[in-house]
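Given next are the chains, with one letter for each unit.
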Amino acid sequence: MAQPPYIDPSPKEAIAPDAKAHESLDPADWSAFRVQAHRMLDDMLGYVEKIRERPVWQPIPADVRARFRSVAPREGEELAEVHAEFMQNVLPYTQGNVHPGFMGWVNGGGTPVGMIAEMLAAGLNANCGGRDHIPVEVERQVARWVAEIFGFPKTATGLFVTGTSMANLIAVLVARDAALGLDVRAVGVAAETRRLTAYTSTAVHGCVPKAMDIAGLGSDALRQIPTDSRFHMDLSALAEAIRQDREAGLTPFLVVGSAGTVNTGAVDDLAALADLCQREKLWFHVDGAFGALARLAPDLAPLLDGIERADSVAFDFHKWGQAPYDAGFILVRDGAAHKNAFALPAAYLQRAERGLAANSPWPCDFGPDLSRGFRALKVWFTLKVLGTEALGASISGSCVLARALEARIIATPELELMAPVELNIVCFRYRTKDAADSNRVNEAIVVALQESGVVAPSTTRIAGRTAIRAAIVNHRTSRAEIDALVDGVLAHGRAICG
Ligand SMILES: Cc1ncc(COP(=O)(O)O)c(C=O)c1O
């Protein structure tokens, strides 16, 4: 039955033809704004250029923290005043990952090229969820470069996301839907009689069990397979776990291999995992958050052999790719499976042959986000200006430094190496006379180092014992910071132990 035409019953006030609701939010004085904007740009370039003269990190004074508890501003201030506040209260108290002495967790250092590209992207204010415009083509171009770097076919699809946590979640969802069929998107996993199980190693990053949880499969359905002494997934234990699950009537669907584990930087035997997944007809996903880009370094690339056979790869350009945060990426071999997991027709997102709504499929058809910033631009600039060879050389350089750190630890009786050094992560500790005191002392050393402002490693646990963990990711880190780390650990260790 045809709908009657819509008639708005509410009375309307007459609006004067020259009425203006409000002023635009653009500067009233463009030339003054331009001068101030140049000053801000200069300050930021100066910050990066002179970063070595600053502490890596410093604690936030209570009065500075208190300034960020004020009520929402009703009236605006001058841009110059807010910038002065930024210089005084924001800039000195950041995490410190731009600094060469930052070695905690896994954080990239960024580059001035990426920074300036971010400014251009913000100026364009492109929404890269879809539609026919060049920013989407830039993203497609980067996706093709990524496919080329990892030896994937041209039909592979790729998408910028926040980080590898989101990229891993997308991979789990695509693999889930490929295993169960697309109905699961409508009926939900609860309607399924098949119980999916996935496999990874105990060294996996926590975002993978979280992805299983979010995907409705449950983190318990992720079997965490033991590792060997080098923290590589034990392949016979993996095969046995799959066999047992099949025997129990479960449905194995996914194996997640690591190209650089978060704790120690171990790279699973990706070629063997690819063989096993082919044999068992399982989706083979690689979490290569930082390590995948080691494919750009000729001396490291062979370590990752087999990644070219994966069904999907998750990684970050904001780690070893040195792009500013955030720039995660998911690459999927089977573009149709990728699209099937996310595309959803909607009247307001209808596609057209011509005009702005042309050039489907759109990025929103490959992931959960509709509104999406122009993340691709900073990576496009980084790759074009620096080139993959320079990035590969800096990745290789991080690993040379990690090996130099390993050598110093081995040569220093007061220190103990706690895990093999495969890529850029070194786990070690200061030896205490009383073993029971070791965790407390090493945790205190790391806090003291961070508060010293010279170097900032983090901690982790290896076989239940606290380790000082240095992840050399920043392209600015040099031998000087490696030596400062070792000297600092020894000095603080001796001071703490008396
Ligand atoms: C191996 C691994 N996987 C996943 C992640 C999560 O990545 P993101 O922090 O970009 O979400 C990390 C982060 O360090 C990681 O090292």
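The sections below set out a description of the structure shown in this document. (Residues numbered from 1 in each chain as written. Predicted model: local features only at pLDDT ≥ 70, side-chain atom pairs only at ≥ 80, totals over all residues. Heavy atoms only, no water.)

A look at the site of the ligand
What counts is decided by this rule: We call a residue near a molecule or strand whenever a single non-hydrogen atom of that residue lies within 4 Å of it. Pairs of N or O atoms are called polar contacts if they sit within 3.5 Å, as long as, within protein, a hydrogen donor faces a hydrogen acceptor (for residues adjacent in sequence, only side-chain-to-side-chain pairs). Areas reported here follow the Shrake-Rupley algorithm with a probe of radius 1.4 Å; residue values treat only the protein chains shown as occluding. Gly counts as polar in this scheme, as do all residues outside two lists: the nonpolar Ala, Val, Leu, Ile, Met, Phe, Trp, Tyr, Cys and Pro, and the charged Asp, Glu, Lys and Arg.
The full set close to the ligand counts 14 residues, and Thr164, Ser165, Asp287, Asp316 and Lys319 are the nearest of them. For the ligand, an oxygen atom lies 3.0 Å from a polar atom in the backbone of Thr164. Between His318 and the ligand, the recorded distance is 3.3 Å, taken from a side-chain N or O atom to an oxygen atom. Notes on the ligand: free accessible area 390 Å², of which the protein chains cover 83%. A breakdown of the residues in the shell around the ligand according to their chemical character gives five nonpolar, six polar and three charged.

Structural notes on the pairing of strand β11 (residues 465-471)
Heads up, the rule is: When a residue's accessible area, from a 1.4 Å probe over protein chains only, is under 20% of the maximum for its type it is buried; when over 50% it is exposed; and in between it is partly exposed. Strands are runs of DSSP state E lasting at least 2 residues, helices are runs of H or I lasting at least 4, and numbering of each runs from the N terminus. Any two strands with at least two DSSP bridges between them are considered paired.
Among the seven residues in β11, six count as buried, and that is most of the element. Sheet topology note: the strand β9 (residues 425-430)/β11 ladder contains four bridges and is antiparallel. Note that in β11 the partner of Phe428 across the bridge is Ile468. Sheet topology note: the strand β10 (residues 458-462)/β11 ladder contains five bridges and is antiparallel. Note on β11: the bridge partner recorded for Thr460 is Ala467.

Digging into the pattern of salt bridges
This is how it is decided: Put simply, a salt bridge is a Lys or Arg side-chain nitrogen that is within 4 Å of an Asp or Glu carboxyl oxygen.
Under the criterion given, the structure shown has 24 salt bridges. Across the pair Glu137 and Arg140 runs a salt bridge, and its minimum N-O distance is 2.8 Å. Of this pair, Glu137 and Arg140 both sit in helix α5 (residues 134-149), three residues apart, roughly one helical turn. With a relative accessible area of 26%, Glu137 lands in the partly exposed category. The closest approach of N and O atoms between Glu192 and Arg194, which form a salt bridge, is 3.1 Å. Here Arg194 falls in the partly exposed class, since its relative accessible area comes to 37%. Each of the salt bridges in this network shares a partner with another, and the network as a whole consists of Arg408, Arg479, Asp483 and Asp487.

Looking at empty space enclosed by the protein
Our working rule: Lining residues are those with an atom within 4 Å of a point, where the points come from a 1 Å grid over the protein atoms alone and group into cavities, where a 1.4 Å probe fits but cannot get out, or pockets, open sets with protein on both sides within 12 Å along at least five of seven lines. Grid points are joined across faces, edges and corners, and a volume is the space filled by probe spheres set on the points.
Under the defined criterion, the tally for this structure stands at one cavity of 30 Å³ or more. Each pocket or cavity is described by its volume, and for the largest cavity that value is around 90 Å³. Along its surface, the largest cavity is lined by Tyr47, Ile51, Arg54, Pro55, Val56, Trp57, Gln58, Leu91, Pro92, Thr94, Gly96 and His99. Residue classes in the lining of the largest cavity are distributed as seven nonpolar, four polar and one charged.

Digging into the packing of aromatic side chains
This is how the line gets drawn: Pairs were defined over the aromatic rings of Phe, Tyr and Trp, the Trp ring being its six-membered one, requiring ring centres within 6.5 Å. Orientation was assigned from the angle between planes: stacked under 30 degrees, edge-to-face over 60, tilted for the rest.
For the structure shown, the criterion picks out ten aromatic pairs. Centroid distance Phe160 to Phe329: 4.9 Å. Interplanar angle 85°. Geometry classified as edge-to-face. Here the residue Phe160 occupies a position in strand β1 (residues 157-161), and Phe329 occupies one in strand β7 (residues 328-332), the gap between them amounting to 169 residues. You can call Phe160 buried: its relative accessible area is 1%.

What about the sheet that holds β10?
We apply this condition: Angles shown run from 0 to 180 degrees and are taken between the N-to-C directions of axes, each axis being a line fitted to C-alpha atoms and, for helices, limited to the stretch in contact. In this description, contact between two residues means that some pair of their heavy atoms is separated by no more than 4.5 Å.
Overall, antiparallel pairing links the four strands, which are arranged β8-β9-β11-β10 in an open sheet. Strands with a single pairing partner mark the edges of an open sheet, and in this sheet they are β8 (415-417) and β10. Taken over all neighbouring pairs, the strand axes of this sheet differ in orientation by 45° on average, direction set aside. Each of β8, β9 and β11 is contacted by helix α14 (residues 479-497), which is oriented at about 25° to β9, the strand it contacts most.

Notes on the packing of helix α12 (residues 375-411) against α14
The condition is simple: Each angle receives one of four descriptions, namely roughly parallel if under 35 degrees, roughly antiparallel if over 145, roughly perpendicular if within 65 to 115, and oblique otherwise. Crossing chirality is assigned from the near helix's rotation relative to the far helix, an anticlockwise turn below a right angle marking it left-handed and a clockwise turn marking it right-handed.
Packing of α12 against α14 brings their axes to within 10 Å, and their N-to-C directions diverge by 30°. Relative to α14, the element α12 is oriented roughly parallel. Like other packed secondary-structure pairs, α12 and α14 cross with a definite hand, here right-handed. Two secondary-structure elements touch here, α12 through Leu401, Ala404, Leu405 and Arg408 and α14 through Arg479, Ile482, Asp483, Leu485, Val486 and Asp487. Its residues placed into classes, the contact of α12 with α14 shows six nonpolar, no polar and four charged.

Notes on the sheet that holds strand β5 (residues 283-287)
Strand order in the open sheet formed by seven strands is β1-β7-β6-β5-β4-β2-β3, with mixed pairing between adjacent strands. The open sheet has two edge strands with one neighbour each: β1 and β3 (222-225). On average, each strand axis in the sheet is inclined to that of its neighbour by 20°, with strand direction left out of account. Judged from the five bridges that link them, strand β6 (residues 312-316) and β7 form a sheet pairing that is antiparallel. Each bridged residue has a counterpart across the sheet, and for Asp316 the counterpart in β7 is Gly328. On top of the sheet, α5 reaches β1, β6 and β7; it is set at about 65° to β7, its chief contact. Along the sheet face, helix α8 (residues 207-214) touches β2 (196-201), β3, β4 (251-258) and β5 and points at about 160° away from the line of β3.

Section: the layout of surface pockets
Estimated volume of the largest pocket: approximately 910 Å³. Lining the largest pocket are 31 residues; nearest its centre among them are Met40, Leu41, Met44, Met115 and Met119. In terms of residues, the lining of the largest pocket owes the most to one element, helix α1 (residues 30-49), which gives eight residues. Grouping the amino acids of the lining of the largest pocket by side-chain chemistry returns 19 nonpolar, ten polar and two charged.

Remarks on a nonpolar patch on the surface
Rules: Patch building starts from residues that exceed 30% relative accessible area and form no salt bridge, then joins like charges within 9 Å and nonpolar side chains (Val, Leu, Ile, Met, Phe, Trp, Tyr) within 5 Å.
Residues Trp30, Phe33 and Leu79 make up a contiguous nonpolar surface patch of about 290 Å² in total accessible area. For Trp30, the position within the fold is in helix α1.

Considering the pairing of β2
Stated precisely, the cut-off is as follows: Handedness of a crossover: with both strands directed away from the viewer, a clockwise path from the first strand across the helix to the second marks it as right-handed.
Across the six residues of β2, six count as buried, placing the element largely inside the fold. Where burial is concerned, the two faces of β2 agree: the one with Leu196, Ala198 and Thr200 and the one with Thr197, Tyr199 and Ser201 are both buried. Here β2 pairs with β4 via four bridges, running parallel. Opposite Tyr199, over in β4, you have Val255 as the bridge partner. You can see the chain leave β2, run along α8 and come back into β3, and the turn it takes is right-handed.

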